[in-house]
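Each chain, written out:
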Amino acid sequence: MMRLPRFRYFAPRSIADALAIRSDAGPDGAYVAGGTDLYPNMKRRQQTPKAVVGLSRIAELATLEERGGQLTLGAGALLSTVENDLRVRRDYAGLAHAVAEISTPPLRNMGTLGGNLLLDTRCNYYDQNLEWRQAIDFCMKKDGAICWVAPGSPKCLAVQSADTVPVLIAMGARAVLASREGEREIAVEDLYRNDGIDYVTKRPDELLTRILLPKPNGWRASYRKLRRRGAFDFPVLSVGAAVWRDGPTVTAARLVLGGVASAPIRLSASEATLTGRALDAAAIADAAEAAAGPSRPMDNTDFSFLWRKEMTTRYLARALEDLRSPAG
Ligand SMILES: Cc1cc2nc3c(=O)[nH]c(=O)nc-3n(C[C@H](O)[C@H](O)[C@H](O)COP(=O)(O)OP(=O)(O)OC[C@H]3O[C@@H](n4cnc5c(N)ncnc54)[C@H](O)[C@@H]3O)c2cc1C
Ligand code: SF4
């Protein structure tokens, strides 16, 4: 049985207290929300914080509310709360679907939206217990010197694998980060860095407090995910798609790949291909073809990486097919 290492647990009831405790803990601290990612990582000794700041008692972090016509989701909201919220289901069906694709119902009753956005990157050589990793002399992401996926690589290539991220970026969602110095708001897209070790731009002491969804006017979003088991599995290729339309004409598109790099990948060429056209079969085929180039999965998750690359065009086409009916 894998046991947790020893650590001190704090259970603040306000954001201010959480920020203060986390800031005082310095590099030995970590936030935990549902713990469905952090605690398994701690059991595998991938992360060993000495002071863990629990967020589940901070009521303010868990609220979903409409502000100025846009829906704001607390980072501490349970995945099941987001999935079942009637406003999310009505106006942000692509996001509701992405959340419903995460793991299983018990895990969605524990895991949070914020924890999903900040999920650790994944790799077959890293998502192993301590003894397994010790046997291969570890790897660059933790305790080792080399990348076993690409020994010549100067950086870790572990994969961004959170289901909500591609669709939130496609929608143009924004994130609010709090620290003792105050708050800052950034595009969710700007939260990620293409580096398997240093994969978020958020400072360690910053708390993700809320996610701001754009007004649900004139656009629709969808999400498609490739995984081995339909019951539950992490994505090894995923597509978030959003299109804005004026009548039948696409006025803007945002298309995002997940599961193929350490950060989500914007498909700019596919987006440009769609703009100014009707979302018909020919436009979808052209956009799908343009997605193959930027999709460069590595051999460090499930399935052959060549097959995952090949599937990119099909999954993008499916995500766009989901949006063919008029904007709602
Ligand atoms: C069996 C299994 C299957 C899974 N399947 C999937 C899947 O299919 N798709 C998927 O996307 N994920 C999956 N997950 C991963 C995980 O359960 C989810 O991503 C979940 O949303 C994580 O949320 P959490 O609240 O439990 O995160 P935690 O474990 O609490 O935290 C995750 C990380 O985020 C940080 N953090 C959390 N909240 C905040 C905050 N508000 N501010 C700053 N930092 C914060 C923590 O410090 C930690 O580094 C799976 C996990 C397991 C164990
Ligand atoms: S991509 Fe390389 S360095 Fe990163 S976790 Fe995998 S083996 Fe380790």
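Everything numeric here is computed off the predicted structure, so don't read it as measured data. (Residues numbered from 1 in each chain as written. Chains lettered and ligands numbered in written order. Predicted model: local features only at pLDDT ≥ 70, side-chain atom pairs only at ≥ 80, totals over all residues. Heavy atoms only, no water.)

(A) Highlighting the packing of helix 11 (residues 281-291) against helix 12 (residues 305-321). Remark: helix 11 packs on helix 12, axes separated minimally by 8 Å, with the N-to-C direction vectors making an angle of 145 degrees. In terms of crossing hand, the pair formed by helix 11 and helix 12 is right-handed. Residues Ile284, Ala287, Ala288, Glu289 and Ala291 of helix 11 form the contact with helix 12, whose own contacting residues are Thr312, Thr313, Leu316, Ala317, Leu320 and Glu321. Per-class residue counts for the contact of helix 11 with helix 12 are seven nonpolar, two polar and two charged. (Axes fitted to C-alpha atoms, helices over the stretch in contact; angles between N-to-C directions. Helix = DSSP H or I, 4+ residues; strand = E, 2+ residues; numbered from the N terminus. Left-handed = near helix turned anticlockwise from the far one by under 90°. Contact = heavy atoms within 4.5 Å. Nonpolar A, V, L, I, M, F, W, Y, C, P; charged D, E, K, R; others polar.)

(B) Summary view of the packing of helix 5 (residues 93-100) against helix 9 (residues 164-171). In the contact formed by helix 5 and helix 9, the axes pass within 9 Å of each other and the chain directions differ by 170 degrees. Compared by their axis directions, helix 5 and helix 9 come out roughly antiparallel. Contacts from Gly94, Leu95, Ala98 and Val99 of helix 5 reach helix 9 at Thr164, Val167, Leu168 and Met171. (Parallel < 35°, antiparallel > 145°, perpendicular 65-115°, else oblique.)

(C) Geometry of the site of ligand 1. Lining the immediate environment of ligand 1, one finds 32 residues, of which Tyr31, Ala33, Thr36, Thr112 and Asp163 sit closest. For ligand 1, an oxygen atom lies 3.2 Å from a polar atom in the backbone of Ser103. Within the side chain of Thr112, a nitrogen or oxygen atom sits 2.7 Å from an oxygen atom of ligand 1. Calculation on ligand 1 without its partners gives an accessible area of 970 Å², and the protein chains cover 89% of this total. Within the residue set of the shell around ligand 1, elements represented by two or more residues are strand 2 (29-32), helix 7 (113-117) and strand 8 (207-212). Partitioned by chemical class, the residues of the shell around ligand 1 number 16 nonpolar, nine polar and seven charged. (Near = heavy atom within 4 Å. Polar contact = N/O pair within 3.5 Å; in protein donor to acceptor, adjacent residues only side chain to side chain. Areas by Shrake-Rupley, 256 points an atom, 1.4 Å probe, with all protein chains shown as cover.)

(D) Looking closely at the nonpolar core. Formed by 42 residues in total, the largest nonpolar core has its most connected members in Leu95, Leu117 and Leu213. With six residues, the single largest contributor to this core is helix 9. When neighbours within four sequence positions are excluded, Leu95 is seen to be in contact with Leu73, Val82, Val88, Thr164, Val167, Leu168, Met171 and Leu213. Leu226, Val250, Ile284 and Ala319 belong to the second-largest nonpolar core, a separate cluster that totals 28 residues. (Core = buried A, V, L, I, M, F, W, Y, C linked by side-chain atoms within 4.5 Å. Buried < 20%, exposed > 50% of the residue type's maximum accessible area, 1.4 Å probe, protein only.)

(E) Geometry of the packing of aromatic side chains. Taken as a whole and assessed by the stated rule, the structure comprises five aromatic pairs. Put simply, the rings of Tyr92, Trp219 and Trp244 pair up and form one aromatic cluster. Over the aromatic face of Tyr315 sits the side chain of Arg318, whose NZ or CZ is 4.9 Å from the ring centroid. (Phe/Tyr/Trp six-rings, centres within 6.5 Å; stacked < 30°, edge-to-face > 60°. Lys NZ or Arg CZ within 6 Å of the ring centre and 35° of its normal.)

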